[in-house]
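Architecture at a glance
The lines below spell out each chain.
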Amino acid sequence: MNLNNDDSKQNQFDVELYHNQLGKIGSGVLYFGSNKWAYVNILSSEKVPDLYIDNAQFDLVKAITNEGITFCLCDCKFNSVSLYADYVIEGDLNEASFHSISVRYSDVSEWFLHRRMLEGSVGKTFNWSQIPKNINVSIKTNEEHFDLRSVVSRLLETTRRKSCNP
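Scope of this entry: the structure provided in the associated data block. All values derive from a computational prediction rather than experimental measurement.

Attention shifts here to the sheet that holds strand E6 (residues 82-90). In any sheet, the strands associate via hydrogen bonds between backbone groups, in a parallel or an antiparallel arrangement. The six strands are arranged E1-E2-E3-E6-E5-E4 in a closed barrel whose pairing can be described as antiparallel. Across the sheet, the mean angle from the axis of one strand to that of its neighbour is 45°, orientation sign disregarded.

Right, dumping it as structure tokens:
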């Protein structure tokens, strides 16, 4: 799976749409990102009239790009000539379910480092004070189970500057 770190970018792909029981649904343009709902503008389909009449909903629709990249559109609803998906997963799923999602943020300082300070002196050592504890929460209902965990990982880079006095 490719890494996409730019939420402000709207992704756009020409795709062919497939469903396990219906086969090929049609072709269109898939849009997602930029904090907008994921959807496909259906450009051509013999099945659009049937979908429109039935107010169709699908657990899983596969959108395959011209380059062969597969996006799985999960919990989809058909509206007019567009197919809206609750979420998009890059990859080929057999069903719209999974056991876990792992998300890695590169900068969460505003969440976890509020009121944290560096203590020490230049040329010696610096240490963080008031470091937050890791989060480990489990939420269970009759129908669902959700775990939230945080782990602090650090990337330490050392830069040496050589001074030259003429």
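So, on to unusual backbone geometry. Phi is positive for Asp-75, close to 50°, though the residue is something other than glycine. One can find Asp-75 in strand E5 (residues 70-79). Of the residues examined, Asp-75 reaches a relative accessible area of 28% and is grouped as partly exposed.

On to the side chain of Ser-27. Among the structural elements, Ser-27 can be located in strand E2 (residues 23-33). For Ser-27, a relative accessible area of 15% corresponds to the buried category. The contact partners of Ser-27, leaving out residues within four places of it in the chain, are Val-15, Glu-16, Asn-41, Ile-42, Leu-43 and Ser-44.

Looking at where His-145 falls in the secondary structure, it is placed in strand E10 (residues 145-149). Here His-145 is in contact with Ser-138, Ile-139 and Lys-140, once residues within four sequence places are set aside. Side chain to side chain, His-145 and Ser-138 meet in a polar contact 3.4 Å long.

Moving on, we get to the side chain of His-19. Mapped onto the fold, His-19 is located in strand E1 (residues 10-19). Relative accessible area serves as the criterion here: at 14%, His-19 is assigned to the buried category. A distance of 3.1 Å separates a polar side-chain atom of His-19 from the backbone nitrogen of Gln-21. Not counting residues up to four positions away in its chain, the partners in contact with His-19 are Ile-25, Phe-58, Leu-60 and Val-61.

A separate point is a nonpolar patch on the surface. A surface patch of nonpolar side chains, about 560 Å² in accessible area, is lined by Leu-118, Val-122, Phe-126, Trp-128 and Ile-131. Within the element layout of this structure, Leu-118 appears in strand E7 (residues 117-120).

This part is about the pattern of salt bridges. The final tally for this structure, using the stated rule, is three salt bridges. Between Lys-24 and Glu-16 there is a salt bridge, with the nearest N and O atoms lying 2.7 Å from each other. A relative accessible area of 43% places Lys-24 in the partly exposed class. For Glu-16, a relative accessible area of 24% gives the class partly exposed. One salt bridge connects Asp-92 with Lys-62, and the closest N-O pair in it is separated by 2.5 Å. Of this pair, Asp-92 sits in the loop between E6 and helix H2 (109-112) while Lys-62 sits in strand E4 (residues 57-65), and the two are 30 residues apart along the sequence. Assessed through its relative accessible area of 17%, Lys-62 is described here as buried.

In this section: the nonpolar core. Counting residues in each nonpolar core, the largest one holds 18 residues, and the members touching the most others are Leu-17, Leu-30, Val-40, Val-61, Leu-73 and Leu-83. Of all elements in the fold, only E1, E2, strand E3 (36-44), E4, E5 and E6 reach the threshold of two or more residues within this core. The leading source of residues in this core is E5, at four residues. If sequence neighbours within four positions are ignored, Leu-30 has contacts with Asn-11, Gln-12, Phe-13, Val-15, Tyr-39, Val-40, Ala-63, Phe-71 and Leu-73.

On to the packing of aromatic side chains. Evaluation of the coordinates by the stated rule reveals five aromatic pairs. Ring geometry for Phe-13 versus Phe-32: centroids 6.1 Å apart, planes at 15°, classification stacked. Linking Phe-13 in strand E1 with Phe-32 in strand E2, this pair joins segments that are 19 residues apart in sequence. Exposure remark for Phe-13: the relative accessible area of 21% places this residue in the partly exposed category. Residue Phe-32 is classed as buried on the basis of its relative accessible area, which comes to 16%.

What counts, and at which threshold
Residues numbered from 1 in each chain as written. Predicted model: local features only at pLDDT ≥ 70, side-chain atom pairs only at ≥ 80, totals over all residues. Heavy atoms only, no water. Pairing = 2+ DSSP bridges. Helix = DSSP H or I, 4+ residues; strand = E, 2+ residues; numbered from the N terminus. Axes fitted to C-alpha atoms, helices over the stretch in contact; angles between N-to-C directions. Buried < 20%, exposed > 50% of the residue type's maximum accessible area, 1.4 Å probe, protein only. Contact = heavy atoms within 4.5 Å. Polar contact = N/O pair within 3.5 Å; in protein donor to acceptor, adjacent residues only side chain to side chain. Patch = residues over 30% accessible without salt bridge, like charges linked within 9 Å, V, L, I, M, F, W, Y side chains within 5 Å. Areas by Shrake-Rupley, 256 points an atom, 1.4 Å probe, with all protein chains shown as cover. Salt bridge = Lys/Arg side-chain N within 4 Å of Asp/Glu carboxyl O. Core = buried A, V, L, I, M, F, W, Y, C linked by side-chain atoms within 4.5 Å. Phe/Tyr/Trp six-rings, centres within 6.5 Å; stacked < 30°, edge-to-face > 60°.

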